[in-house]
Amino acid sequence: MAAWVEGRVIERIEWTPTLFSLRVAADLAPYKAGQFTKLALEQGDRRIQRAYSFVNPPSAPYHEFYLVEIPSGELTPSLGSLQAGDTLLVQSQATGFLTLDEVPAGRDLWLLSTGTAIGPFLSMLADGEAFNRFENLVLVHGVRKGEELSYQPLIASFAGQYGERFRYVPFVSREPWPEAMAGRIPAAIAEGRLQARVGLGFSPEQSQVLICGNPEMVKETQQTLLALGLAKNLRRAPGNISAENYW
Ligand SMILES: Cc1cc2nc3c(=O)[nH]c(=O)nc-3n(C[C@H](O)[C@H](O)[C@H](O)COP(=O)(O)OP(=O)(O)OC[C@H]3O[C@@H](n4cnc5c(N)ncnc54)[C@H](O)[C@@H]3O)c2cc1C
């Protein structure tokens, strides 16, 4: 049986009317950058629980989660009304294999995300280990509207700290947005537009690619990368592509 502990919201960060982050104080077992735990609220006699990735590096003195409120969702409307001082339940043992220790060596680390699934990659980048292991780091974030490009100060701090070794490529699909690429991530890879923008190609020898978020994007991106000669990364057969679906 998974152990649940009480967490207390110590800060709430508002990004848009539906996107928010919760910083939570809770006594959790140690975890790795890229992992997730479960958050829950009691509704009547039911405990509604869902998976959420850590955004903070494991060394942070708090646990941070980046969420989107799904209006028809069972849990997120209630999580969305939590304010500093409110309590929630947190599973004390994190889990998940989208972690750097599962990723073989390479020269370039590509972190491809949609929506709130940028979270685990921010954790990895802030942790610093990604920069110890890879020469080039590319953070790609696909959203519908420009206002959904959250965490800009943190992302800018990676560029400030690591210079040209770090590249950030936002994709905005539903409106033109300064500096952002138009359209969707898999199409931009298939057409070579993402590689041209970043100045790096994909190759089995040099690329490690982590993909997280919308299952359609994850599937299509994997297919596109397989067609470019990359292979799925399995424990019994190391490859280049590791992925996690958010639903
Ligand atoms: C490993 C893992 C990690 C996750 N980490 C996060 C996280 O860090 N932040 C986060 O917001 N969600 C995350 N999720 C999704 C989360 O667990 C819930 O599914 C989500 O919050 C919706 O819960 P709900 O009860 O409100 O909606 P439900 O009633 O369960 O409705 C689910 C539906 O909402 C939509 N949906 C679910 N998640 C998202 C999303 N992130 N973006 C857009 N649409 C979505 C899908 O259409 C899905 O079918 C993660 C899921 C997994 C499996």
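Not measured: the values here are computed from a predicted model. Numbering of residues starts from 1 in every chain and runs along the sequence as written. In keeping with the model being predicted, local features are shown solely for residues with a pLDDT of at least 70 and side-chain atom pairs are shown and tallied solely at 80 or more, while totals for entire chains, interfaces and linings include all residues. Calculated side-chain values reflect all of the structure's heavy atoms, with hydrogen atoms and water omitted.

**A few points about helix 7 (residues 215–227)**
Counted at 1.5 Å a residue, the expected span for helix 7 with its 13 residues is 18 Å, and the 18 Å between its end C-alpha atoms agrees. Turning to helix 7, its buried residues are M217, V218, T221, Q222, T224 and L225. Buried residues of helix 7 fall within an arc of 165 degrees about the axis and therefore sit on the same side. Opposite the buried face of helix 7, at more than 90 degrees from it, the exposed residues are E216, K219 and A227. The N-cap residue of helix 7 is N214: its side-chain oxygen and the backbone nitrogen of E216 are 2.8 Å apart. Just downstream of helix 7, G229 is the residue with a positive phi angle, here 100 degrees. Helix and strand definitions follow DSSP, with helices as H or I runs of at least four residues and strands as E runs of at least two, each counted in order from the N terminus. In this scheme, a helix's expected span is set at 1.5 Å multiplied by one less than its residue total. Each residue gets one of three labels from its accessible area relative to the maximum for its type: buried under 20%, exposed over 50%, partly exposed in between, using a 1.4 Å probe on protein chains only. Taking the helix axis as origin, the arc is that swept by the directions to the C-beta atoms. Whenever two N or O atoms come within 3.5 Å, that pair is a polar contact, provided that in protein one can donate a hydrogen and the other can accept it, and provided that, for residues adjacent in sequence, both atoms are side-chain atoms.

**Some details on the sheet that holds strand 6 (residues 87–91)**
Spatial ordering of the open sheet is given by 4-3-6-1-2-5, a layout of six strands whose pairing is antiparallel. Each edge of the open sheet is held by one strand with a lone partner, namely strand 4 (46–53) and strand 5 (63–68). Strand after strand, the sheet turns through a mean of 40 degrees between neighbouring axes, direction not considered. As defined by bridge partners, strand 3 (residues 36–43) adjoins strand 6 across two bridges and the pair is classed as antiparallel. Residue pairing in the sheet places A40 in a bridge with L89 of strand 6. Pairing between strands is defined by DSSP: at least two bridges between them are needed. An axis is simply a line fitted to the C-alpha atoms; with a helix, the fit covers only the stretch in contact. Between two such axes, the angle follows the N-to-C directions and lies from 0 to 180 degrees.

**With respect to the sheet that holds strand 7 (residues 108–114)**
Read across the sheet, six strands follow the order 10-9-8-7-11-12 without closing on themselves; strand pairing throughout is parallel. Every other strand in the sheet has two partners, leaving strand 10 (181–182) and strand 12 (241–245) as the edge strands with one partner each. With two bridges connecting them, strand 9 (residues 166–172) and strand 10 associate as parallel partners. Residue pairing in the sheet places F171 in a bridge with M181 of strand 10. Strands strand 7, strand 11 (207–213) and strand 12 of the sheet are contacted by helix 7, whose axis makes an angle of about 160 degrees with strand 11. We call two residues in contact when some of their heavy atoms are within 4.5 Å.

Geometric descriptors of this kind do not, in isolation, establish any biological role.
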